[in-house]
Amino acid sequence: MDTRKRRRNRLIAAVCLTLLLLIILAICLGIIFRSENGASSSEVLKTTIISRCETYLQNNDPGSSESICNTLWMTFTKAFVGQDPCAVPPEAYNQLFQAINNYPSCNRTLFWSKTKAISHKYTQEKKCLETLEDTLLGNVMDGLTWCGKNNSNEIFTSGCPAWTECTMNPVRSFWDRSSGLIAEQTCGAATVMLNGSIPTPFDPNSTFGRIEAKRLKYPLVSGLTVVLVTQTNVTSCENDSLQNLQRVLDQSLTYSCKVVLQSQILDCISDPHMPCGKCW
Ligand code: JS2
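Residues numbered from 1 in each chain as written. Predicted model: local features only at pLDDT ≥ 70, side-chain atom pairs only at ≥ 80, totals over all residues. Heavy atoms only, no water.

A. Just helix 5 (residues 116–126), in detail. Regarding helix 5, the residues found buried are Ile118, Ser119, His120, Tyr122, Thr123 and Lys126. The inward-facing, buried residues of helix 5 contact strand 1 (110–113), strand 4 (188–195), strand 5 (221–230) and helix 10 (262–270). With its phi angle positive at about 55 degrees, Lys127 sits one or two positions after the end of helix 5. (Buried < 20%, exposed > 50% of the residue type's maximum accessible area, 1.4 Å probe, protein only. Helix = DSSP H or I, 4+ residues; strand = E, 2+ residues; numbered from the N terminus. Contact = heavy atoms within 4.5 Å.)

B. Broad picture of the site of the ligand. Around the ligand lies a shell of 16 residues, among which Lys114, Asp142, Gly143, Trp163 and Glu212 are the nearest. A distance of 3.4 Å is found between a nitrogen atom of the ligand and a side-chain nitrogen or oxygen belonging to Lys116. Within the contact set of the ligand, a nitrogen atom lies 2.5 Å away from a side-chain nitrogen or oxygen of Asp142. Look at the ligand: alone it shows 620 Å² of surface, and the protein chains cover 85% of it. Of all elements in the fold, only strand 1, helix 7 (170–185) and helix 8 (207–212) reach the threshold of two or more residues within the shell around the ligand. When grouped by side-chain class, the residues that make up the shell around the ligand number six nonpolar, five polar and five charged. (Near = heavy atom within 4 Å. Polar contact = N/O pair within 3.5 Å; in protein donor to acceptor, adjacent residues only side chain to side chain. Areas by Shrake-Rupley, 256 points an atom, 1.4 Å probe, with all protein chains shown as cover. Nonpolar A, V, L, I, M, F, W, Y, C, P; charged D, E, K, R; others polar.)

C. Quick look at a nonpolar patch on the surface. A cluster of nonpolar side chains, Leu11, Val15, Leu19 and Leu22, forms an exposed patch at the surface whose accessible area comes to about 380 Å². By the element assignment, Val15 lies in helix 1 (residues 2–36). You can call Val15 partly exposed: its relative accessible area is 43%. (Patch = residues over 30% accessible without salt bridge, like charges linked within 9 Å, V, L, I, M, F, W, Y side chains within 5 Å. Salt bridge = Lys/Arg side-chain N within 4 Å of Asp/Glu carboxyl O.)

D. Seen up close, the sheet that holds strand 6 (residues 254–261). Here we have four strands laid out as an open sheet, ordered 1-4-5-6, and parallel in their pairing. Bordering the open sheet on either side are strand 1 and strand 6, each of which pairs with just one other strand. Pairs of neighbouring strands in the sheet enclose a mean axial angle of 20 degrees, with direction left out of account. Note that strand 5 and strand 6 share eight bridges and pair parallel. Bridge pairing in strand 6 links Thr225 to Ser256. (Pairing = 2+ DSSP bridges. Axes fitted to C-alpha atoms, helices over the stretch in contact; angles between N-to-C directions.)

Here it is in structure tokens:
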């Protein structure tokens with residue numbers, strides 16, 4: 001009996017020791033894996049956002065407080081960390097936008113749709129107008145992906161819901177909220193750069209169509225100029241979708257549309273002596 005009991009106790013001790021060694025091994029592998037792969041996705045995202053924020057402030061608002069970028073990160077993550085990535089509404093970012101809210105001055109807002117590259121080239125080179133991505137938050141978040149998970153403090157930068165997978169995902173809600181706010185803050189003459197090389201330069205389901213165009217209200221906004229960027233002169237401002245845009249707009253706004261060759265805008269951008277007003 002004693003022999004059998006001793007043998008059973010030795011077996012239990014061996015199993016416990018094996019389990020303990022496996023747990024220690026798993027912890028060590030986890031640490032090695034993480035150190036080999038550098039920072040976690042959360043740390044990479046934080047580093048990207050903080051450095052973009054600091055660079056933006058150095059270039060655009062040198063005297064600003066050093067704490068702004070930390071406030072940006074804290075209020076940004078509060079909107080989606082620990083939440084179902086398909087249950088983050090635009091309002092989740094309210095605290096972020098209350099803390100960080102710089103918008104273009106009157107007569108300087110440039111909206112865009114399917115013309116991101118040339119719009120940003122124009123605003124970054126000519127400095128006459130500003131897109132959402134030329135504001136602090138738009139600049140910092142441009143091109144990034146982020147989401148959280150229910151009851152977890154992890155932050156993911158991949159495997160997040162796609163733009164159309166669910167409408168209340170963290171990225172889409174951020175851009176919907178920020179687009180709505182820049183439109184509501186727009187004053188004076190507004191401009192939008194649309195793509196004349198596609199059948200429907202104005203798409204009512206785009207962010208510009210769904211959110212921004214509807215929020216341009218007279219008298220805060222005086223009017224909207226459409227810059228219809230084309231590769232060749234085949235498109236006209238009589239395009240059906242542009243008639244639809246005029247129906248969507250506040251009817252008190254003035255409206256104008258101009259077909260402009262992309263080459264003309266690019267030439268204007270590359271000529272530092274060419275004033276903005278000559279680009280179209
Ligand atoms: C920027 C992103 C990202 O007027 C512009 C901007 O204010 C923008 O926020 O919304 C308008 C462009 O959106 P729209 O009309 O849907 O045109 P598009 O060419 O199809 O651009 C789609 C992207 C809009 C929202 N968005 N904006 N930077 O990183 C970004 N990611 C997304 N999804």
